[in-house]
Amino acid sequence: KAGVTQTPRYLIKTRGQQVTLSCSPISGHRSVSWYQQTPGQGLQFLFEYFSETQRNKGNFPGRFSGRQFSNSRSEMNVSTLELGDSALYLCASKRDSYTGELFFGEGSRLTVL
Amino acid sequence: QKEVEQNSGPLSVPEGAIASLNCTYSDRGSQSFFWYRQYSGKSPELIMSIYSNGDKEDGRFTAQLNKASQYVSLLIRDSQPSDSATYLCAVSGAGNNRKLIWGLGTSLAVNP
């Protein structure tokens, strides 16, 4: 069974640009969550999607957005990048919206210069 | 503000010893508790989940939950250098909004 796939794995952007990250969940999993991880802040919840609907949202500015497609694949977008957006962005899938048993992808490491 | 707290460490134990990792949470209505392990440069992976008071054992790992005292712990018996990682505690509540609340993690170093 294939795991969670995130693309791209690494990317470098400059301030003011935007970025789109992609996540393909485990087959059969309908819920996808996104996290930002930095050394000082730990895992910060961005949002969760289930069946194409946003179920939960963290405390991030509107520059961070996401969506989920009918095949459960998800994308997140960050517009007008800031230096502080440099982080590891993790996608996690789970079979439904209620369980806390997450399966993480390898992450997309974003560097903003 | 719902919180999950962990000692950041590093917790250093010799090989073969028992490593004890602790986590406290503020939301008394929390229902589900999870331990994730994260190796340096890797993503977190689930190692234990526990939902009711008491102990749950899985191989060398034992999770302990005490809802009255609002803490959950993870014991690693016969610690190995390969157990060296950051251990993240995550807690979720009941009902429709089961957003996970994460601790910052405890760094464990097992010395040969």
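Up top is the structure.
From a predicted model like this one, the values you see are computed outputs, not experimental measurements.

## Remarks on the environment of Ser74(A)
Residues and elements named next belong to chain A. Positionally, Ser 74 belongs in strand 8 (residues 74-78). Separated by 30 residues in sequence, Ser 74 and Gln 44 place their C-alpha atoms 18 Å apart. For Ser 74, the residues in contact, after removing those within four places along its chain, are Leu 21, Ser 22, Cys 23, Val 32, Trp 34, Tyr 49, Arg 67, Gln 68 and Phe 69. Within the structure, Ser 74 has its side chain in polar contact with the backbone oxygen of Arg 67 (distance 2.9 Å).

## Side note on the state of the cysteines
Considering all chains together, one arrives at two disulfides over all chains under this definition. Each sulfur in the disulfide pair Cys23(A) and Cys91(A) lies 1.8 Å from the other. Where Cys23(A) bonds to Cys91(A) through sulfur, the torsion about that S-S bond is close to -55°, and the disulfide is left-handed. Residue Cys23(A) is found in strand 3 (residues 19-24), and its partner Cys91(A) is found in strand 9 (residues 87-94); the two are separated by 68 residues along the sequence. Between Cys23(B) and Cys89(B) runs a disulfide, and the two sulfur atoms are separated by 2.1 Å.

## Brief notes about the environment of Ile101(B)
Residue and element names in this part refer to chain B. With respect to the secondary-structure elements, Ile 101 resides in strand 10 (residues 101-102). Owing to a relative accessible area of 23%, Ile 101 belongs among the partly exposed residues under this scheme. Between the alpha carbons of Ile 101 and Ala 90 there is a distance of 5.5 Å; along the sequence they are eleven residues apart. Leaving out residues up to four positions away in the same chain, Ile 101 has contacts with Lys 2, Glu 3, Val 4, Cys 89, Ala 90 and Val 91.

So, how was this worked out
- Residues numbered from 1 in each chain as written.
- Chains lettered and ligands numbered in written order.
- Predicted model: local features only at pLDDT ≥ 70, side-chain atom pairs only at ≥ 80, totals over all residues.
- Heavy atoms only, no water.
- Helix = DSSP H or I, 4+ residues; strand = E, 2+ residues; numbered from the N terminus.
- Contact = heavy atoms within 4.5 Å.
- Polar contact = N/O pair within 3.5 Å; in protein donor to acceptor, adjacent residues only side chain to side chain.
- Disulfide = S-S within 2.5 Å.
- Buried < 20%, exposed > 50% of the residue type's maximum accessible area, 1.4 Å probe, protein only.

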